[in-house]
Amino acid sequence: NKEPSKMQWYEFLSKSQVEQIHETSMGIMAKVGIEFRYNPALEVLKKGGARVDGERVFFPARLVEEQIRKAPAEFTLYARNSDFDVVIGGNHMALVPGYGAAFVTDLDIGRREGSLKDFENFVKLTDASPYQDICSGVVIEPTDVPPDIRHAQMIYTAMKYSAKPFMGSAMGVQGARDSIQMASILFGSQDQLSQKPRMISILCSLTPLVYDERMLGAIMEYARAGQPQLISSLGIAGATSPVTLAGTLAVQNAEVLAGIVLTQLIRGGTPVVFAGASSSVDMHTGALSIGSPEMTLNTAATAQMARFYGLPVRSGGAVCDAKSPDAQASYESMMSLLATRFCGIHFVLHSAGILESYNCMSYEKFIIDDEMCGMVKRLKRGYEVSPETLAFDIIKEVGSGGHFLDKDHTFDHFRTEFYQPQLSNRDDYVSWQEKGSPVSMTTANKKYKDILRTCETPELPADVDRDLLRFIEKLT
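Since the model is a prediction, treat every value here as computed from it, not as a measurement.

The rules behind each value
- Residues numbered from 1 in each chain as written.
- Predicted model: local features only at pLDDT ≥ 70, side-chain atom pairs only at ≥ 80, totals over all residues.
- Heavy atoms only, no water.
- Helix = DSSP H or I, 4+ residues; strand = E, 2+ residues; numbered from the N terminus.
- Buried < 20%, exposed > 50% of the residue type's maximum accessible area, 1.4 Å probe, protein only.
- Areas by Shrake-Rupley, 256 points an atom, 1.4 Å probe, with all protein chains shown as cover.
- Lys, Arg positive; Asp, Glu negative; His and termini not counted.
- Charge placed at Lys NZ, Arg CZ, Asp CG, Glu CD.
- Pairing = 2+ DSSP bridges.
- Salt bridge = Lys/Arg side-chain N within 4 Å of Asp/Glu carboxyl O.
- Contact = heavy atoms within 4.5 Å.
- Phe/Tyr/Trp six-rings, centres within 6.5 Å; stacked < 30°, edge-to-face > 60°.
- Lys NZ or Arg CZ within 6 Å of the ring centre and 35° of its normal.
- Patch = residues over 30% accessible without salt bridge, like charges linked within 9 Å, V, L, I, M, F, W, Y side chains within 5 Å.
- Axes fitted to C-alpha atoms, helices over the stretch in contact; angles between N-to-C directions.
- Left-handed = near helix turned anticlockwise from the far one by under 90°.
- Expected span 1.5 Å × (residues − 1).
- Parallel < 35°, antiparallel > 145°, perpendicular 65-115°, else oblique.
- Nonpolar A, V, L, I, M, F, W, Y, C, P; charged D, E, K, R; others polar.
- Core = buried A, V, L, I, M, F, W, Y, C linked by side-chain atoms within 4.5 Å.

Draft legend 1. A look at the overall build of the protein chain. The secondary structure content of the protein chain amounts to 18 helices and 22 strands. Considered along the principal axes of its C-alpha atoms, the protein chain spans approximately 80 × 55 × 50 Å. Taken over 476 residues, the protein chain has a buried fraction of 54%. Counting every atom, the protein chain has about 21,000 Å² of accessible surface; 52% of that belongs to carbon and sulfur. Placing the 47 positive and 57 negative side-chain charges of the protein chain at their respective mean positions leaves the two points 4 Å apart.

Next comes the structure, spelled out in structure tokens:
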């Protein structure tokens, strides 16, 4: 008679409003069109039934609806260690640390350009985390690695220091091909990869209403190989998309659907994630703001649109505009991160460590955000309602004025019923003072160092390690 609780999604758009946004997006695709700046993509789309005028592509509504139905509502990413396999879709939620930061910071050194050692450290922290599910493809940009092999070196590092799934390169045709080839060295042939996908990549439109050659080349390569993709749009309301959030959502929606149509025309059934990360411009500075309520509203709306199409969805994360892991970073990050759960997001990219509107990764914030991710996953689990958990017999035994601390029922359930924090301090005031009055930043600084000092990372088979290094050497 066990009945696990099931959270209802937060939705602020009515059914008719969702349909209005869908119809507007169909109008954009059919009458305004979207530029595809890559001839091979134009050929596929024209052959598939779209009208092509130069680089502008016009999509009939029927074509869009036929193709998006081919994409699965749920799929699995298979890890090197099957304990870390990740299901994308359904009632599942996958967490992935920050992506794309050029800088890194910590309490000891401060802000600086990212290095390969920093990238390696964040892979190890991701692997050690009980809450992060997938290694970020570009958790930081390792500027000390030559650009022509940087993408391959990052993939190799993710493979070497973690047994969790990883993200492939978004650096055009060659980056995608190299990612697929390196995954084949580790996991087997490309046919085996298409049967059991091992990586996922994020490919983005260029808002408003453009896909460039680099992203289209990667989309097509991954689709041919049957590898999952996040087809993503990031509109900046008031700058690259309409200032109204409904208008921004319509543009985002059109761009994502157009990319998904291309993937399905290339290989029907290719796993895709409907990915929207639009937010607003700060009218004082002209900069993108991701710690805003508008970002959170777009997360909720993106989830609703993805459900309308029956597709897995990506949005949100522990994102902020703060420059250090301070109170602003915490309240902005938790607002956005909570929304991912309450709105039904399946793939949460930027779930740990990101600062400065995607520009910087913080070691301390990674640890703080990871604690918040644990809390959100506890919320996701809900709790069981059954005769055992309702505990009527124990309540009757204790009666009025008693306590439950010494009951077997308490010892049997407290470890699974209560979230056990790894960072939060729950001592009384005197005990906290006796321990030196620690604050979260200094505790997080110590914790990330402890993890890096003691973590045990999986080893690559010697022959695989050798072949991967030889592959990278050939790229130089």
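Draft legend 2. Quick peek at the sheet that holds strand β17 (residues 288-289). The strand order β14-β16-β17 describes an open sheet built from 3 strands, whose pairing is mixed. Taken across any chain shown, the strands that pair with only one partner, and hence form the sheet edges, are β14 (236-237) and β17. With 2 bridges joining them, β14 and strand β16 (residues 279-281) adopt parallel strand pairing. Note that in β16 the partner of I236 across the bridge is S279.

Draft legend 3. Examining the pattern of salt bridges more closely. Inspection of the entire model under this criterion finds 21 salt bridges. Note that K449 is salt-bridged to D108, the shortest N-O span being 2.7 Å. With a gap of 341 residues between them, K449 in helix α17 (residues 440-454) and D108 in the loop between β8 (103-105) and β9 (112-113) connect regions that are remote in the sequence. For K449, a relative accessible area of 31% puts it in the partly exposed group. Residue classification places D108 among the partly exposed positions, given a relative accessible area of 47%. For the salt bridge of E356 with R111, the shortest nitrogen-to-oxygen distance reads 2.8 Å. Of the two residues, E356 sits in the loop between β20 (354-355) and β21 (360-362) while R111 sits in the loop between β8 and β9, which places them 245 residues apart along the sequence. Overlapping salt bridges, with partners in common, bring together E35, R37 and R56 in one network.

Draft legend 4. The environment of I149, seen in detail. Along the chain, I149 falls in helix α5 (residues 147-161). Linking I149 and V385, residues 236 residues apart in sequence, is a C-alpha distance of 53 Å. Excluding residues that lie within four positions of it along the chain, I149 makes contacts with I472, L475 and T476.

Draft legend 5. Here's a closer look at the packing of aromatic side chains. With the rule as written, the count across this model stands at 11 aromatic pairs. Seen in terms of ring centroids, F122 and Y363 are 4.5 Å apart; in terms of plane orientation they differ by 15°. Their pairing is stacked. Taken together, the residues span a long stretch of sequence, with F122 in helix α4 (residues 116-128) and Y363 in helix α12 (residues 363-381) at a distance of 241 residues. The exposure class of Y363 is buried, given its relative accessible area of 2%. An aromatic cluster is built from F122, Y363, F366 and Y448, whose rings are joined through pairwise contacts. The ring of F58 has R51 lying over it, and the distance from NZ or CZ to the ring centre is 4.1 Å. In this structure, K164 is placed above the aromatic ring of F84, and the distance from its NZ or CZ to the ring centre is 5.4 Å.

Draft legend 6. The sheet that holds strand β4 (residues 56-58), seen in detail. Spatially, 4 strands are ordered β3-β4-β2-β12 in an open sheet, and the strand pairing comes out mixed. Edge positions in the sheet fall to β3 (51-53) and β12 (210-211), since each of these pairs with one other strand and no more.

Draft legend 7. Layout of a negative patch on the surface. On the surface, E388, D406, D408 and D412 cluster together to form a negatively charged patch. Tracing the chain through its elements places D412 in helix α15 (residues 408-417). Classification of D412 as exposed rests on a relative accessible area of 57%.

Draft legend 8. Spatial organisation of the packing of helix α3 (residues 61-68) against helix α9 (residues 245-266). The N-to-C vectors of α3 and α9 enclose an angle of 65°; their axes lie 9 Å apart at closest approach. Like other packed secondary-structure pairs, α3 and α9 cross with a definite hand, here left-handed. From α3, L63, V64, Q67 and I68 reach across to α9, where they touch L257, I260, V261, Q264 and L265.

Draft legend 9. Expanded view of α4. Look at α4: 18 Å from first C-alpha to last across 13 residues, which is about the 18 Å you get at 1.5 Å a residue. Extensive coverage of α4 is indicated by the burial of 10 of its 13 residues. Of the residues making up α4, those classed as buried are D118, F119, E120, N121, F122, V123, K124, L125, T126 and D127.

Draft legend 10. Just the environment of F187, in detail. With respect to the element layout, F187 can be found in helix α6 (residues 172-187). The class for F187 is buried, based on a relative accessible area of 17%. Through-space distance from the C-alpha of F187 to that of V464 is 9.3 Å; in sequence the pair is 277 residues apart. Excluding its chain neighbours within four sequence positions, the residues that come into contact with F187 are R80, F166, Q192, L193 and R198.

Draft legend 11. Structural context of the packing of helix α10 (residues 293-309) against helix α11 (residues 327-343). Viewed as axis vectors pointing N to C, α10 and α11 meet at an angle of 20°, and their least axial separation amounts to 9 Å. Put simply, α10 runs roughly parallel to α11. Seen along the crossing, α10 lies across α11 with a hand that is right-handed. On α11, the residues that touch P293, T296, T299, A300, A303 and R307 of α10 are M335, S336, A339, T340 and C343. Grouping the amino acids of the contact of α10 with α11 by side-chain chemistry returns 6 nonpolar, 4 polar and 1 charged.

Draft legend 12. Molecular detail of the nonpolar core. Formed by 131 residues in total, the largest nonpolar core has its most connected members in F36, F59 and F274. The element that contributes the greatest number of residues to this core is α9, accounting for 10 residues. Within the second largest apolar cluster, 5 residues are counted, among which are C320, A329, L355 and C360.

Nothing here speaks to function; it is geometry throughout.
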